[in-house]
Amino acid sequence: MNDLRPDPATARATRERFRNGLTIPTAGMALGFTQCNMISLPRDWAWDFLLYAQRNPKPCPVLDVTDPGSHCTALAPDADLRTDVPLYRIWRHGVLEEEVPDASVAWKEYPDLVTFLIGCSFTFETPLRQAGIEMRHITMGRNVPMYLTNRDCRPAGRLHGKMVVSMRPIPADRVAEAAMISGRTPAVHGAPVHIGLPEDLGIRDLARPDFGDPVDIRDGEVPVFWACGVTPQAALMASKPPFAVTHAPGHMFITDVPDTHWQV
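Here we summarise the structure given alongside this text. Just so you know, these numbers come straight off a predicted model, no measurement behind them. (Residues numbered from 1 in each chain as written. Predicted model: local features only at pLDDT ≥ 70, side-chain atom pairs only at ≥ 80, totals over all residues. Heavy atoms only, no water.)

When its secondary structure is counted, the protein shows 7 helices and 11 strands. Relative to its length of 264 residues, the protein is compact, with a C-alpha radius of gyration of 17 Å against a globular reference of 18 Å. With respect to the three principal axes, the spread of C-alpha positions in the protein is 50 × 40 × 30 Å. Expressed as a percentage of the 264 residues in the protein, the buried residues total 55%. A sequence separation of at least 24 residues applies to 79% of the contacts in the protein between residues at least 6 apart. Looking at the protein as shown, the accessible area adds up to about 11000 Å², and 51% of this sits on carbon and sulfur atoms. In the protein, the 26 positive side-chain charges and the 31 negative ones have mean positions that sit 2 Å from each other. (Helix = DSSP H or I, 4+ residues; strand = E, 2+ residues; numbered from the N terminus. Rg over C-alpha atoms; globule rule 2.2 N^0.38 Å. Buried < 20%, exposed > 50% of the residue type's maximum accessible area, 1.4 Å probe, protein only. Contact = heavy atoms within 4.5 Å. Areas by Shrake-Rupley, 256 points an atom, 1.4 Å probe, with all protein chains shown as cover. Lys, Arg positive; Asp, Glu negative; His and termini not counted. Charge placed at Lys NZ, Arg CZ, Asp CG, Glu CD.)

Here it is, written out as structure tokens:
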């Protein structure tokens, strides 16, 4: 892949397609632009979550926080967080109630929602692909596979839960390179948290992810696991706040910020 110089109009046009009803996973879309996980909670729970994210920066790297009731973000000033994610999840008391393409009603029911935008591993997929490392889920036209692990996150206030990881099969002779490349973007999960041996994470079957879709793992490839921004949804299920809105796994909010902004 050649060096990407992304045009902001691409990100805006992609969000407009979502606003108009397109509901597909966002891996490989608007290449070169940062994608974000999203969680919106009533103001009463916002401090607990901010502390939870601060204590668990690997799976929950916060890139922006809105004012209570706001549906705007500095990461994409013309965007609307109520409509510009391809698919939302509505949660009540830790139970997934429904998935919807438009979450505007949630802000009417809870006018004090605080939204957290969290870094996504799709950001470092751009330099991985530029280096010639295949992202199998993109090749196969699937959502990235994600797994609930046996690793506890550090609790904060009323919030607790296990870490979620995403997995990409990497050729064994390129694992170190993939770790180095992703490690340059600590604001969006950074380097892997585990390599090989999924059973050490409590994962019994890679062909049955808890979120997303399975992908082929070929001879000579190693499963590599990165901390995942779906971790807050695991905290919702474990902690049961009265209400929350999140993105559906793999259906991210696309910002106007280039991926390269987060590289160190």
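Turning to unusual backbone geometry, a few remarks are in order. Although it is not a glycine, His93 adopts a positive phi angle of roughly 50°. Topologically, His93 is positioned in the loop between strand 3 (88-92) and strand 4 (95-100). With a phi angle near 60°, Lys240 is a residue other than glycine that sits in the positive phi range. By the secondary structure assignment, Lys240 is in the loop between helix 7 (231-239) and strand 10 (244-247). Under the relative-accessibility criterion, Lys240 is labelled partly exposed at 48%.

The buried fraction of strand 5 (residues 114-119) is high, at 6 of 6 residues. Bridge count for strand 1 (residues 33-41) against strand 5 is 6 bridges, and the pairing is antiparallel. From the neighbouring strand, Leu41 faces strand 5, where its bridge partner is Val114. Pairing geometry for strand 2 (residues 62-65) and strand 5, over 3 bridges, is antiparallel. From the neighbouring strand, Val62 faces strand 5, where its bridge partner is Ile118. (Pairing = 2+ DSSP bridges.)

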